[in-house]
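Okay, here's what each chain looks like letter by letter:
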Amino acid sequence: MNEDHPMDGSVEGDPEDWVRIISNDGYTFLLKRKVANMSGTIKNSLDETGGFAEAGTRTYRSQERGIIVQKMIEYMSFKAYYSNVGPKEEIPVNELTERLPPEIVLELLLAADYQEM
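The structure displayed is predicted, hence computed values, not measured ones.

How should I be thinking about the overall build of the chain in this particular structure?
The helix and strand tally for the chain stands at 6 helices and 3 strands. Beginning at the N terminus, the succession of helices and strands in the chain can be written as β-β-α-α-α-β-α-α-α. For the chain, with 117 residues in total, the buried portion stands at 36%. For the chain, the accessible surface area stands at approximately 7,400 Å², while carbon and sulfur atoms represent 52% of it.

Given below as structure tokens:
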């Protein structure tokens, strides 16, 4: 599929739409808009009212390496999944933190700050 053309389906921001994130080393990730919207930066880039080209193609180009983008997507998925959990329910944070290699934690922290997560 050509990255410059919109994916099939509506482009109105339906949370069930699929969006594409491309890392700076060429890895491509497809995820639901609901998950991508967990990042303020990605959400604003894909918002059609903002006038960004990313909104038309539903493709966000990240300046981060593939492993960093992958871990950010894991966190956004985790956040989206547990966003409606009640206050008395326990969220298994260790499940996520155990999968973070220590050598990328600082880079991941900086990327997450930029992505407004």
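Any chance you could explain a nonpolar patch on the surface here in plain terms?
Together, Leu 106, Leu 109 and Leu 110 line one region of the surface with nonpolar side chains, adding up to about 340 Å² of accessible area. By the secondary structure assignment, Leu 106 is in helix α6 (residues 105-114). Here Leu 106 falls in the exposed class, since its relative accessible area comes to 59%.

Before we go on, may I ask you to explain the pairing of strand β2 (residues 28-32) in this structure?
A regular strand places its side chains so that they alternate between the two faces of the sheet. Covered by surrounding structure in β2 are Phe 29 and Leu 31 only, the residues Thr 28, Leu 30 and Lys 32 on the alternate face being uncovered. Examined bridge by bridge, strand β1 (residues 18-22) and β2 share 5 bridges and lie antiparallel to one another. Residue pairing for β2: Val 19 is matched across the bridge by Leu 31.

Please clarify how the environment of Leu 100 should be interpreted in this entry.
Within the secondary structure layout, Leu 100 lies in the loop between α5 (93-97) and α6. Residue classification places Leu 100 among the partly exposed residues on the basis of a relative accessible area of 28%. Taking the C-alpha atoms as reference, Leu 100 lies 7.6 Å from Lys 71; in sequence the two are 29 residues apart. In contact with Leu 100, other than residues within four places in its own chain, are Lys 71 and Leu 108.

Hey, could you run me through the nonpolar core in this one?
Nonpolar side chains tend toward joint burial in soluble globular proteins. Counting residues in hydrophobic clusters, the biggest one holds 19 residues, and the most contacted among them are Ile 21, Leu 31, Ile 42, Ile 73 and Met 76. Among the secondary structure elements, those contributing two or more residues to this core are β1, β2, α1 (33-36), α2 (40-46), α4 (66-81) and α6. Looking at this core element by element, the count peaks at 6 residues for α4. Those residues in contact with Ile 21 that lie beyond four places of it in its chain are Tyr 27, Thr 28, Phe 29, Leu 31, Ile 42, Tyr 60, Ser 62, Val 69, Ile 73 and Met 76.

Explanation requested: the sheet that holds strand β3 (residues 59-61) in the structure shown.
Strand pairs in the sheet, formed through backbone hydrogen bonds, run parallel or antiparallel to each other. Strands sit in the order β2-β1-β3 across an open sheet of 3 strands; the sheet is mixed. For this open sheet the edge positions go to β2 and β3, each flanked by a neighbour on one side alone. Between one strand axis and the next, the sheet turns by 25° as a mean value, whatever way the strands run. Along the sheet face, α4 touches β1 and β2 and points at about 10° away from the line of β2.

Just to check I follow, could you spell out the packing of aromatic side chains for this structure?
The geometry of an aromatic ring pair is captured by two quantities: the separation of the ring centres and the angle between the planes. Scanning the entire structure with this criterion turns up 2 aromatic pairs. Both rings, one in Tyr 81 and one in Tyr 82, keep their centres 4.8 Å apart while their planes meet at 85°; by these two values the pair is edge-to-face. Its relative accessible area of 64% is what places Tyr 81 among the exposed residues. A network of ring pairs unites the aromatic residues Phe 78, Tyr 81 and Tyr 82 as a single cluster.

How each quantity is defined
- Residues numbered from 1 in each chain as written.
- Predicted model: local features only at pLDDT ≥ 70, side-chain atom pairs only at ≥ 80, totals over all residues.
- Heavy atoms only, no water.
- Helix = DSSP H or I, 4+ residues; strand = E, 2+ residues; numbered from the N terminus.
- Buried < 20%, exposed > 50% of the residue type's maximum accessible area, 1.4 Å probe, protein only.
- Areas by Shrake-Rupley, 256 points an atom, 1.4 Å probe, with all protein chains shown as cover.
- Patch = residues over 30% accessible without salt bridge, like charges linked within 9 Å, V, L, I, M, F, W, Y side chains within 5 Å.
- Salt bridge = Lys/Arg side-chain N within 4 Å of Asp/Glu carboxyl O.
- Pairing = 2+ DSSP bridges.
- Contact = heavy atoms within 4.5 Å.
- Core = buried A, V, L, I, M, F, W, Y, C linked by side-chain atoms within 4.5 Å.
- Axes fitted to C-alpha atoms, helices over the stretch in contact; angles between N-to-C directions.
- Phe/Tyr/Trp six-rings, centres within 6.5 Å; stacked < 30°, edge-to-face > 60°.

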